[in-house]
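The lines below spell out each chain.
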Amino acid sequence: MNKQDTPFINLEPQAAKKDITIAVAGNPNTGKSTLINTVSGARLCVGNWPGVTVEKKSASFEFQGRKITLIDLPGVYSLSPYTQEEVIARDYLVREKPDVIINLVDATNLERNLYLTIQLLELGIPLVMALNMHDEATRKGFRIDEEKMASILGCAVVPTVATKSEGISRLMESAVKYADHAESHHPGVISYGEDIEKAFSLVTEHLKDKPEIITSHLPLRWLTIKIIEGDEKVLQDLPATLDAAILTKATRHLRSAHDDDLEAMIADVRYGMAAGLTREALQKPEKRKRELTERIDAVILNRYAGIPVFFLAMWLMFKLTFDISGPFTDWLDGVISGPVSRWTVAIFTEVSAPEWFVSLVSEGIVAGVGAVLTFLPPIFAMMFFITLLEGSGYMARAAFFMDRMMHTIGLHGKSFIPMLLGFGCNVPAVYATRTLENPHDKALTALLIPLMSCGARLPVYVVFTAVFFSAQAGTVLWSLYILGIVLAVLVGFIFKNTLFRGETPVFIMELPPYRMPTAKNMMIHTWEKGKHYLIKAGTWILAISVLVWFGLNLPWGVESKKDSYLGKTGQVLAPVFKPLGFGTWEATSSLLTGIVAKEVVISTMGEVYVSKAGEEKKETPSFGEDVREITVTFAEAFGKAAKNVFSTFGIATLSIEVEEETAGLRSVIAKAFTPLSAYAFMAFVLLYLPCFIFLVAMRHEFGTWKWACIAVVYQSVLAWTAAFVIYQGGRILGY
């Protein structure tokens, strides 16, 4: 590799400037997000890349008096335009031309990462390499000569440990220096050998004076390489520029002397350069120890132990979720339905607000949104444990050993990752299907994702398991998640042999080493996952709670909610659900509003049953007594959570005695349902219509309502059938 300028057309020396844009590029699992969170203090802004639904993450902050903007490019292994992520990363670098690129390289997997590095160098943009996870490489006995790498590549090489903030200041200083003096910091230029370089020269001479090339500001050498490779996207963008005869002349010798596949030939040169550089700069110990990752994988990836370990991990996640969150759920329930509700009524009564408005705020907004906010503790607890499994490297293993099971439904292990994400929220899981190259794989995976029980259904499970299955809450909850997985396999098998016939694709996936995520990153990613629940509570659920209140109070003056518009609609549809064990207008009305968002099922029940739950009059505590009670019960919740964590495997967190003043909704549910009909109801909530936001996401991702409509139809039939079998089968068995 030669240290020489990579020519940009119309490139002028850059003076030092106030704002600097830095693109952060690297392979998946190299710590890009961790680095950005460390550098920027987690001030991430999330949007979408233009024209697509892939998340675009950026962060702006001050560094040495300069405004720095970091752009988090999608994790890719190359810049070949085969996946949406690769196209996005390449288009941004080529067309937006950031001031500098920070290339994150996994120091423990140097050769594999350097292939992307070499492609980034071809762009001619100043580049600073971050040798991340340098501490892990050192523990393995690796010795990396950073100076030699920097000399060969023509870029700065900075060892970093993003999780510990080591090397970050030096990295940013190098990036700012390279951005300010771009004209003197062009990266080295890889030599592809005499034959290929002659072809490059011929095409370059042809292109360099073309007006359309000059105005495009594309890096000329990169453009030449893409043309020789036969990059279809580049050739489509420059149809009138390239003389076919010139290209034929340039590649004639290459095709005759080497191979027709010029892209593969150039890729071989890159791989050779990556291997050669690794040999030059990396020294490994002669005697290699068996690493911890290999010892753990001997059990985790065992063909017999893998599946039981997976189900055990899922069960343990649910157990700990409720062991920790259960007491805080009851505490929030008591605070919102007690003091907050009383304070709201008192404030609006004091200002002489109309009675209907006081009712709207207290019974509609506070009771509706409050019923959903009550379940923030289990939502965030589950997001925390999902983040832990992802960050530790276990989620990738789960996809790997689930590959065989996924083959039975015509998919591969890679499809399991969006489905795993569906346990958090189905909406981002739909967008995660874009990592699948095959359109049929994407569609089938998206259709199965709603069968993965998302966090929005959790409030329903928490209430019903607390009432009917308190002693076995974790096991019952676990059974619902397993039910969704089993039915996903069954439905997938049916779809495979009807809508999606064809060969099962091959699955290739990287398994990152096991790592313990830092507490800071755990908190950041847990918040990123859980905040969507809060956003929905403040937007969709707030709006729906208001609409439900009007539905329950119109026509004006209605004495019984059963005679309201929502109550009458529920009465009309209730017979459909009678064979399932919950053919009441209250349950039916709740399911109707749950179509918009599953969390609303409980908030609607809170409004539907509010009159029943609040008939008994009690002495109103003073403000001081309320505050004292909130403080005392919060401390008690901490104690109960700690006790539950160290309890036996018989989960008791949801069997905590319900305070008398907060027992309204649960006491009414206990009278309206039986244990059997309650389980059938939870199964129906698990399986019935996807939420409206999910359907919009499917339309957005696939550009058609076709798959969303199929999801609505098949899930409606599946939910009714499953609940029918559970309820009627249970009655036959004597439950």
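Residues numbered from 1 in each chain as written. Predicted model: local features only at pLDDT ≥ 70, side-chain atom pairs only at ≥ 80, totals over all residues. Heavy atoms only, no water.

Topic: the overall build of the protein chain
The cut-off we apply is this: Only DSSP runs of H or I reaching four residues or more are called helices, and only runs of E reaching two or more are called strands; each is numbered from the N terminus. We call a residue buried when its accessible area falls under 20% of the maximum for its residue type, exposed when it is over 50%, and partly exposed in between, using a 1.4 Å probe and counting protein chains only. Contact definition: two residues touch when any of their heavy atoms are within 4.5 Å. Shrake-Rupley sampling with a 1.4 Å probe provides the accessible areas, and residues are treated as covered by the protein chains on show and by no other component.
Looking only at helices and strands, one finds 34 helices and nine strands in the protein chain. Among the 735 residues that make up the protein chain, the fraction classed as buried is 54%. Residue pairs at least 24 apart in sequence account for 77% of intrachain contacts in the protein chain once pairs closer than 6 positions are excluded. A total of about 32,400 Å² of accessible surface is found on the protein chain, and carbon and sulfur atoms cover 60% of it.

Some remarks on a nonpolar patch on the surface
Here is the rule we go by: What makes a patch is a set of residues exposed beyond 30% relative accessible area and free of salt bridges, joined within 9 Å when like-charged and within 5 Å when nonpolar (Val, Leu, Ile, Met, Phe, Trp, Tyr). What makes a salt bridge here is a side-chain nitrogen of Lys or Arg within 4 Å of a carboxyl oxygen of Asp or Glu, nothing more.
On the surface, a cluster of nonpolar side chains totalling about 300 Å² of accessible area is made up of Ile324, Val645 and Phe646. By relative accessible area, which is 74% here, Phe646 ends up exposed.

Looking at empty space enclosed by the protein
Note the cut-off: Here a cavity is any set of points on a 1 Å grid over the protein atoms alone where a 1.4 Å probe fits but cannot get out, and a pocket is any open set with protein on both sides within 12 Å along at least 5 of 7 lines; a residue lines the site when it has an atom within 4 Å of a point. Grid points are joined across faces, edges and corners, and a volume is the space filled by probe spheres set on the points. Classification used: nonpolar for Ala, Val, Leu, Ile, Met, Phe, Trp, Tyr, Cys and Pro, charged for Asp, Glu, Lys and Arg, polar for all others including Gly.
Within this structure, the stated rule accounts for seven cavities of 30 Å³ or more. One number sums up the size of the second largest cavity: a volume of about 80 Å³. Lining of the second largest cavity is provided by 11 residues; of these, Asn426, Cys454, Arg457, Lys598 and Cys691 occupy positions nearest its centre. A per-class count over the lining of the second largest cavity returns seven nonpolar, one polar and three charged.

Some thoughts on the nonpolar core
Inclusion rule: Here, nonpolar core means buried Ala, Val, Leu, Ile, Met, Phe, Trp, Tyr and Cys residues that are tied together by side-chain atoms lying within 4.5 Å of each other.
Counting residues in hydrophobic clusters, the biggest one holds 93 residues, and the most contacted among them are Phe464, Phe582, Phe673, Phe681 and Met698. Among the elements that take part in this core, helix H23 (residues 473–496) stands out by supplying 10 residues, more than any other. Ranked by size, the runner-up nonpolar core spans 56 residues in total, among them Ile101, Ala107, Ile228 and Leu277.

Let's talk about the environment of Lys562
Locating Lys562 in the fold gives a position in the loop between helix H25 (540–553) and helix H26 (565–577). Classification of Lys562 by relative accessible area gives partly exposed; the value is 39%. For Lys562 and Leu552, which are 10 residues apart along the polypeptide, the C-alpha to C-alpha distance reads 8.0 Å. Residue contacts for Lys562: discarding those within four places in its chain leaves Gly567, Lys568, Gln571 and Trp585.

Some points on unusual backbone geometry
Even without glycine at this site, Met133 takes up a positive phi of about 60 degrees. Counting through the fold element by element, Met133 comes out in the loop between strand E6 (127–132) and helix H4 (134–139). Phi is positive for Ser165, which is not a glycine, with a value near 65 degrees. Residue placement: Ser165 occurs in the loop between strand E8 (156–159) and helix H6 (168–180).

Structural notes on the packing of helix H21 (residues 439–448) against helix H34 (residues 706–732)
In plain terms, the rule: To get an axis, a line is fitted to the C-alpha atoms, and for a helix only the part in contact is used. The angle between two axes follows their N-to-C directions and goes from 0 to 180 degrees. Two helices cross in a left-handed way if the nearer one is turned anticlockwise from the farther one by less than a right angle. They cross in a right-handed way if the turn is clockwise.
Between H21 and H34, the least distance of the axes is 10 Å, while the angle of their chain directions is 35 degrees. Handedness of the H21/H34 crossing: right-handed. Between H21 and H34, the residues in contact are Ala443, Leu447 and Leu448 and Trp707, Ile710, Ala711 and Tyr714, respectively. Taken together, the residues that form the contact of H21 with H34 break down as seven nonpolar, no polar and no charged.

Description of the packing of aromatic side chains
Spelled out, the test is: Each Phe, Tyr or Trp ring, with Trp reduced to its six-membered ring, pairs with another whose centre is within 6.5 Å; inter-plane angles below 30 degrees give stacked pairs, above 60 give edge-to-face pairs, and intermediate values give tilted ones.
What the rule picks out here adds up to 23 aromatic pairs. Note on Phe468 and Phe469: the rings are 6.4 Å apart at their centroids and 55 degrees apart in plane angle, and the pair reads as tilted. Pair check on accessibility: Phe468 and Phe469 agree, each one buried. Ring-pair connections join several aromatic residues into one group, and the members of that group are Phe464, Phe468, Phe469, Phe577, Phe582, Phe673, Tyr679, Phe681, Phe684 and Tyr688.

Overview of the pattern of salt bridges
Evaluated as defined, the whole model comprises seven salt bridges. The shortest N-O distance in the salt bridge between Asp180 and Arg66 comes to 2.9 Å. With Asp180 in helix H6 and Arg66 in strand E4 (residues 66–72), the pair connects residues that are 114 residues apart, well separated along the chain. The exposure class of Asp180 is buried, given its relative accessible area of 10%. By relative accessible area, Arg66 is classed as buried at 14%. Ionic pairing is found between Lys164 and Asp135, a salt bridge with its closest N-O pair at 3.5 Å. On the criterion of sequence distance, the pair formed by Lys164 in the loop between E8 and H6 and Asp135 in helix H4 is long-range, its members being 29 residues apart.

Here's the deal with the pairing of strand E1 (residues 19–26)
Keep this limit in mind: Here, any two strands with at least 2 DSSP bridges between them count as paired.
Most of E1 is tucked away, with six of its eight residues classed as buried. Bridge analysis of E1 against strand E5 (residues 100–106) gives five bridges, and the strand direction is parallel. Bridging across to E5, Gly26 finds its partner in Leu104.

Focus on helix H17 (residues 394–401)
Counted residue by residue, H17 has seven buried out of eight residues, so it is predominantly covered. Every buried residue of H17 is accounted for by Tyr394, Met395, Ala396, Arg397, Ala398, Ala399 and Phe401.

Here's the deal with the confidence of the model for the protein chain
Applicable threshold: pLDDT: the predictor's confidence for each residue, scored from 0 to 100.
Of all residues in the protein chain, 83% attain a pLDDT of 70 or more, and the chain-wide mean is 78. In this model, residues 2–16 is a region of pLDDT below 50 whose contacts with residues beyond four sequence positions or in other chains number 43 contacts. This model gives residues 648–663 a pLDDT under 50, and the stretch forms 37 contacts once residues within four places in sequence are excluded.

Quick word on the environment of Leu547
In this structure, Leu547 sits in helix H25. Residue classification places Leu547 among the exposed positions, given a relative accessible area of 61%. The sequence separation of Leu547 and Thr593 amounts to 46 residues, and the corresponding C-alpha distance is 9.5 Å.

Comments concerning the side chain of Thr224
With respect to the secondary-structure elements, Thr224 resides in helix H9 (residues 220–229). Beyond its immediate chain neighbours, meaning those up to four positions away, Thr224 contacts Phe200, Val203, Thr204 and Leu207.

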